[in-house]
Amino acid sequence: MQAEYRPQDGAAPVLSLRGIVKTFPGVRALGGVQLDLYPGQVTALIGENGAGKSTIVKILTGIYQPDEGEILVDGRRVALPTAQAAGEAGVTAIHQETVLFDELTVAENIFIGHAPRNRWGLIDRRAMRGRARAILDGIGADLNPAVRLRDLGIASKHLVAIARALSIDARVVIMDEPTAALSHKEIAELYDLVEKLKAQGKAILFISHKFDEIFRIADRWTVFRDGQFVDQGLMQDVAEADLVRMMVGRSVDQIYPKRPARIGEPVLTVAGYSHPTEFADITFTLHRGEILGFYGLVGAGRSEVMQALFGITRPSKGACRIEGKVRVIRSPAQAVEAGIVYVPEDRGRQGAVKGLPIFQNVTLPSLARTSRVGFLRLTEEFALAREYTQRLDLRAASLDQDVALLSGGNQQKVVIAKWLATRPRVIILDEPTKGIDIGSKAAVHDFMSELAAQGLSVIMVSSEIPEVLGMSDRVIVMREGRIAGEFAGERMTPENLVRAAVGLDRSAPPPGEGEAA
Amino acid sequence: MTTAINGRHIPDRLTSPAARALKSWEGLLLVVAVAIFILNALASPYFLDPWNLSDASFNFTEKAMIAFAMAMLIVAGEIDLSVGAIIALVSTVMGLAMTLGTPTPVLVLLGLGTGLLCGAFNGLLVAGFGLPSIVVTIGTMSLFRGISYIVLGDGAFTGYPESFAWFGQGYVFWVITVELVIFALAALVFGVLLHRTSLGRMVYAIGNNATAARFSGIRVERVRFILFLLTGLMSGIAAICLTSRLGSTRPSIAAGFELEVVTIVVLGGVSILGGSGSVLGVVLAALVMGLVTFGLGLLNVPGIVMSIVTGALLIAVIAIPRLWAMARRR
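All values reported here derive from a predicted model rather than from experimental measurement.

Quick look at the sheet that holds strand β7 (residues 172–176) of chain A
All names here are of chain A. Strand order in the open sheet formed by 6 strands is β6-β7-β8-β3-β9-β10, and the pairing between neighbours is mixed. One side of each edge strand has no neighbouring strand; the edge strands of this open sheet are β6 (91–94) and β10 (228–234). Neighbour-to-neighbour, the strand axes of the sheet open up by a mean angle of 20°, direction not taken into account. For β6 and β7, the ladder comprises 4 bridges, and the chain directions are parallel. Bridging across to β7, alanine 93 finds its partner in isoleucine 174.

Right, here's the structure in full:
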């Protein structure tokens, strides 16, 4: 174990990047950026989606090779041609979604690829378990190393992922949005872990979109914008507004752009929607021009209800009317025909079709319109794709570019553009701004208000209270698969929402009351 | 819209499709095909004889017909290993009908119908019940050919009417065989289908990410069913040509066809994982395979060595892009 380490100002960086350039076909992801990581300090890397943060992480972990520039460890130039080389140079990463193996034990997951060996070259299970125990203790995780991973909950799996990152003797720890999927309690534990790592003298690169978090745990900051280095400095010398300005290159109005809505007649009426396991007795009405927020804890069944409305899962009971007509929706294709579209939370798997170019993603549900008797018309497709991607301020090299090369926020814009191009009546947005930066977030919010003002009905599933309160005309709170309350006007307060979501609010009105005024 | 004013202009394309094609797999295949053609011409004085070349085209025409439909299936992330067995069953059905004195047009319709039915059966199992296509078609491979064996035993159907011989032995013009014309038409139809229609676009979307395709409102199961139907139909057409050319039906007809068809498809640059590939690549791959087999035949290379050569060719051709990419990363 390392001795207690006291960071001093003026200490030399343990790892530095100088003039890093990385280009992909048609995109310059990084145009000569620099970064310095100091021992015993947390450096926050701040930037919008597409600023080049993920690319820098991949360069540091040996997945990408920079086209130009140098990587210095202790002032010596090194190359990181493989993930293994990065590990040997002392760089490790805790990713947003680390791939773990359900059928292996905790210890096997932690040491996969570098398990301790005995003298015959076989895996030394006892040593592996002992060292796994030591690492788990070091991060305060009370887990049995011999347990299979599939028997653990999500939070414990996350701890295993962290333990795995720390199982190599790292001097530089990269944390890429480590709190994105965590509860409050787990986030507090993660902060403790960061403090422990700092005390051990490790240099930490912390990537996050949450400013409160950055101000709480970071010592230094570095801002990237559009693949360029903007500036760096000490946290104590900077204000939030300055960072935001540097990130977006303009000042962002933090106030939600919700406009007074003109709410019209009912568009979607859901009555008694039930599912054998996921939700029960869901009844609500959505009006023209309305933004209806769905709030609840993770696992409250909100996404499941939305996916049933979109025809992914079938409700066992209940009816759905659109503009007064009963519609039976058994597939997404039928939902789209009925005018309901769904922007999923799981962008990577369910949203964009990676491998297809941007314009083909946008026109995918509108092929009947852009083609003639089944034959594609590329001019029409490009026209449609151009119209909607420009409305959403997409950043891309060309419309012929693979969506996989876009940042998360821009992929989200492609998915939204795809649905708007179908001219829907109802658009369901499932955690539309999760994991995207402030700039893209504001663009999505702005656009949502715009759509509602044009008479589209919007359902927004969100777990962020400021977003729900800032954007919604009315909020439905779900808990354990049921509607736990409905709030509008003055009753739409953070306290009411949270009480209903956790089950404290016994006095919540039954569904149906408190309809939008 | 305020956002429309802020929206940046994004160009449609940066590289033209033509520029892309030059650097593509298809470009490489074309070079390989030309090289083999020249090598063959130098190696044997009989190679350049038009009638020899015409005869040699039978090496690939029947397999290539199926390969076009198979290419669409594989782009969509599915596979059909029962195509050889479908040929056996189709040929057996036609043979049975022939012994009852059925006229040629009806034989052809029966062949097409049986092919479609077999495809529909595969499609139902895969798209309807959600079973993995590799398992389903390994099963139907035994099933279809098994029926053929039960009907025929050690025997064979011979004595097809003379008019039936046109499909496999006839010429449309000079050295241009009927099969070559069917091959060319099939290439055209499937080229348009995969690259110029909504169905083709959906096939690519499903092959790249079936979940996202479903979440985009595509009727994924319907598309999969259609693709199996098309593969069944093309196997039916190939069965008519092959039976007509051989003039007889044995239960072992077209044994091992499925692997050669898949070889052509993969050689043609279609990713075995789905999501990419082109019909042009499959056409070129069929020509390369045909030229290699013919060239080796002219040099009196025995069949077993030939299969070693085609196997090596397939592995080499799949390994080249990998090695190329690794070399470029250095």
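We are not done yet, so read on.
Quick word on the confidence of the model for chain A
Residues and elements named next belong to chain A. Model confidence for chain A is summarised by a mean pLDDT of 85, while 91% of its residues fall at 70 or above. Low pLDDT, under 50, characterises residues 1–8; the predicted model gives this stretch 15 contacts beyond four residues in sequence or across chains. Scored below 50 in pLDDT, residues 506–517 shows 21 contacts in the model against residues more than four places distant or in partner chains.

Thoughts on helix α7 (residues 104–128) of chain B
Its 25 residues place the ends of α7 of chain B 34 Å apart at the C-alpha level, agreeing with the 36 Å of an ideal helix rising 1.5 Å per residue. Residue glycine 130 of chain B follows α7 of chain B closely and has a positive phi angle near 70°.

Details of the domain arrangement of chain A
All names here are of chain A. Once the domains are mapped, chain A shows domain 1 (12–90 + 172–251), domain 2 (100–168), domain 3 (264–339 + 424–517) and domain 4 (347–422). Once you take the C-alpha centre of each, domain 3 and domain 4 turn out to be 26 Å apart. Facing 17 residues of domain 3, the contacting portion of domain 4 comprises 12 residues. Across the domain 3 to domain 4 interface the summed buried area is about 1100 Å²; carbon plus sulfur atoms make up 69%. For the interface between domain 3 and domain 4, the tally reads 0 salt bridges. At the junction of domain 3 and domain 4, the tally comes to 1 residue pair in polar contact (both at pLDDT 80 or more). Within the residue set of the side of domain 3 that touches domain 4, elements represented by two or more residues are β17 (426–430) and α16 (438–453). In terms of residue count, the dominant contributor to the side of domain 3 that touches domain 4 is α16 (4 residues). Here the side of domain 3 that touches domain 4 is composed, by residue class, of 11 nonpolar, 4 polar and 2 charged.

Thoughts on the side chain of glutamine 360 of chain A
Its place among the elements puts glutamine 360 of chain A in helix α12 (residues 358–363). Side-chain polar atoms of glutamine 360 of chain A contact the side chain of arginine 201 of chain B, separated by 3.3 Å. Each residue touching glutamine 360 of chain A, except ones within four places of it in the same chain, is listed here: Glu381 of chain A together with Arg201 of chain B.

Reading the values: the criteria
Residues numbered from 1 in each chain as written. Chains lettered and ligands numbered in written order. Predicted model: local features only at pLDDT ≥ 70, side-chain atom pairs only at ≥ 80, totals over all residues. Heavy atoms only, no water. Pairing = 2+ DSSP bridges. Helix = DSSP H or I, 4+ residues; strand = E, 2+ residues; numbered from the N terminus. Axes fitted to C-alpha atoms, helices over the stretch in contact; angles between N-to-C directions. pLDDT = per-residue confidence, 0-100. Contact = heavy atoms within 4.5 Å. Expected span 1.5 Å × (residues − 1). Domains from an automatic or database assignment. Buried area = accessible area lost by both parts, 1.4 Å probe. Salt bridge = Lys/Arg side-chain N within 4 Å of Asp/Glu carboxyl O. Polar contact = N/O pair within 3.5 Å; in protein donor to acceptor, adjacent residues only side chain to side chain. Nonpolar A, V, L, I, M, F, W, Y, C, P; charged D, E, K, R; others polar.

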